[in-house]
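# An overview of the molecular structure
Listed below, chain by chain, are the residues.
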Amino acid sequence: MTVESVTPEPRTHPETKPGEPPLADGALPLLGHGWKLVRDPLAFLTGLRAQGDVVRLRLGPKTVYAVTVPELTGTIALSPDYIIAGPLWESLESLLGKEGVATANGPLHRRQRRTIQPAFRLDAIPRYGPVMEEEVRALVARWRSRESVDATTEAFRLAVRISVRCLMHDTCNEMRAERISSALATLFRGMYQRMVVPLGPLYRVPLPANREFNRALADLHLLVDEIVAERRASGQKPNDLLTALLEARDGNGDPIGEQEIHDQVVAMLTAGDESIGSMVMSLLLVLTEHPDLADKIRNEANSVAGEGPIAFEDVRKLTYTANVVVETMRLHPSVWILTRRAVTDTALGGYRIPAGADIVYSPYAIQRDARSFARHEEFDPDRWLPERSAEVPKHAMSPFSVGNRKCPADHFSMAELTLVTAEVARAFRLEQTPDSDARTRIGITLRPRGLRLRPVAR
């Protein structure tokens, strides 16, 4: 049976103009819908589908268009009429800059993709295997001697060490890794508030929260400058992403600028720490909530690796584990909200979208939509078996995006997450401690709020 995506009839609305989408319910004077995005954003965005394929939101003084159906999110991702911009990216600009692959558009973005893509080609991923193996085994070894672990600290420590060691060849020591994770945690908290309540000048007032944000931002940028300067001074050219950036040339054959190198490194650190760390935490939560699935993962890992540790080349054989990872991405995506900007007058779902308009959509809401997924709230890894995954409507599940904005590190990330999940499930039965807080923490990314675990050796 094929699960069809149902397109509801557009609602009539007293504030709707000809060709203009309906205004979503619940806007307040001055704040608009920002208060709902602060109070309960996941429920708010999930509920928008019932109001139409495209609806208008008000965030402070701005009007934003929310897209709620997968076919239109695919249009946004693939059409040149929309670029990376909007409230999300404006909130991230102080961190990511304007010259990195995450935020650049047009010819600059295409050149940057060509620069970094070789580091993430499918045939290049195995060279990162030894680092991933070493870091995951070190995590398992640490946990064997502990009665409880702070999953937040452990997940982000693992993520940042793997990303830095693989992409910048051991340029980061323990102290720097901890500073990077700490700075990013502070920054992502502040950037979410700046996205949903864009009050511009008020964030420059020297209040304690603003001072903490600015200190974290300055520290992260200082760390990146130190890493780049040390690599230049060393004269070494290992086969990694940082070398590729330092050796890259622009369209005229000249070295790319220092700011672009800086912004690229920040973008890689951000993705490797915040996004992957959040997904590791969600996977650990899934292992506690579904011990039967953890047993299946353990059995698969044992059948593939036997008595020895899981080798990187075994990862592609861990098909059930990979399906658990994908299903976790569906129900607990780290990236849950995305924004784009129209660069020309265009149309979506039959509605007029003016040039310069910002568009927002939620992978979280789309991936939990009953119109696209049978038993949409059920955790079912088998929905990703080849004979069943064809039932999922196009663009209803795109955890790494599509088109020219597709994450260049998709194979890298899947290999890392699959290896971590298999090794942990093989070594431990995980239980939450009494002081654990598994509620969803909502920021720029999603993750469990304060997950604490008891690793019981198998």
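Model, not experiment: these values are computed from the prediction. Counting from 1, residues in each chain are numbered in the order their sequence is written. The model is predicted, so local features are restricted to residues of pLDDT at least 70 and side-chain atom pairs to those at 80 or more, both for listing and for counting; the totals for chains, interfaces and linings are taken over all residues. The side-chain values count all of the structure's non-hydrogen atoms but skip hydrogen atoms and water molecules.

### Some words on the sheet that holds strand β4 (residues 149-150)
Taken in spatial order, the three strands line up as β4-β12-β9 in an open sheet, and their pairing is antiparallel. Across the chains shown, the open sheet's two edge strands, defined by having one partner strand only, are β4 and β9 (428-432). Strand pairing is assigned whenever DSSP identifies at least 2 bridges connecting the two strands. The helix and strand labels rest on DSSP assignments: H or I over at least four residues marks a helix, E over at least two residues marks a strand, and numbering proceeds from the N terminus. As paired strands, β9 and strand β12 (residues 452-457) are joined by five bridges and run antiparallel to one another. Within β12, the position partnered with E431 by the bridge is R454. We call two residues in contact when some of their heavy atoms are within 4.5 Å. Think of each axis as a best-fit line through the C-alpha atoms, taken over the contacting stretch in the case of a helix, with angles from 0 to 180 degrees between the N-to-C directions. Against the sheet, helix α6 (residues 129-144) touches β4, β9 and β12, its axis set at about 65° to β9. Its contacts with the sheet place helix α11 (residues 258-289) against β9 and β12, and it is angled at close to 95° to β9.

### Considerations on unusual backbone geometry
Residues apart from glycine generally show negative phi values, whereas peptide bonds are mostly found in trans. Even without being a glycine, R375 presents a positive backbone phi close to 45°. For the exposure calls, accessible area comes from a 1.4 Å probe over protein chains only, and a residue counts as buried if that area is under 20% of its type's maximum, exposed if over 50%, partly exposed in between. We classify R375 as partly exposed; its relative accessible area is 45%. Unusually for a residue other than glycine, S401 sits at a positive phi of about 70°. The class of S401 is buried, set by a relative accessible area of 19%.

### Notes on a nonpolar patch on the surface
Here, patches come from residues exposed beyond 30% relative accessible area and free of salt bridges, joined within 9 Å for like charges and within 5 Å for nonpolar side chains (Val, Leu, Ile, Met, Phe, Trp, Tyr). To be clear on the numbers: accessible area is Shrake-Rupley with a 1.4 Å probe, and residue cover counts the displayed protein chains and nothing else. Salt bridges are identified by distance alone: a Lys or Arg side-chain nitrogen within 4 Å of an Asp or Glu carboxyl oxygen. The grouping of L28, L30 and L31 at the surface amounts to a nonpolar patch, some 320 Å² of accessible area in total. Summarising the element assignment, L28 is placed in the segment before α1 (34-39). What makes L28 partly exposed here is its relative accessible area of 39%.

### Some points on the layout of surface pockets
Method remark: on a 1 Å grid restricted to protein atoms, a set of points is classed as a cavity if a 1.4 Å probe fits but cannot get out and as a pocket if it is open with protein on both sides within 12 Å along at least five of seven lines; lining residues have an atom within 4 Å of a point. Grid points are joined across faces, edges and corners, and a volume is the space filled by probe spheres set on the points. Put simply, the largest pocket is a space of about 690 Å³. As for the largest pocket, its lining consists of 24 residues, and the residues nearest its centre are A322, D410, H411, M414 and A415. Those elements that place two or more of their residues in the lining of the largest pocket are α13 (319-331) and α16 (410-427). Computed from the structure, the second largest pocket encloses a volume of approximately 320 Å³. If you trace the second largest pocket, you find 14 residues lining it, with T152, T153, F156, S181 and S182 closest to the centre. Only α7 (151-168) and α8 (174-196) provide two or more residues apiece to the lining of the second largest pocket. Tallying contributions element by element places α8 first for the lining of the second largest pocket, with seven residues. The residue inventory of the lining of the second largest pocket, partitioned by class, reads three nonpolar, four polar and seven charged. The nonpolar class holds Ala, Val, Leu, Ile, Met, Phe, Trp, Tyr, Cys and Pro. Asp, Glu, Lys and Arg form the charged class, and all remaining residues, Gly among them, are polar.

### Some remarks on the packing of α11 against α16
Packed helix pairs are specified by the crossing angle of their axes together with the interaxial distance, meaning the distance between the axes. Close contact between α11 and α16 brings their axes to 11 Å; oriented N to C, the two are set at 35°. Considering the relative orientation of α11 and α16, their crossing is right-handed. Residues I276, M279, V280, L283, L284 and L287 of α11 touch α16, and the partners they reach there are S413, E416, L417, V420, T421, V424 and A425. Looking at the contact of α11 with α16 residue by residue, the classes come out as 10 nonpolar, two polar and one charged. In this scheme the handedness of a crossing depends on how the near helix is turned from the far one: anticlockwise by less than a right angle means left-handed, clockwise means right-handed.

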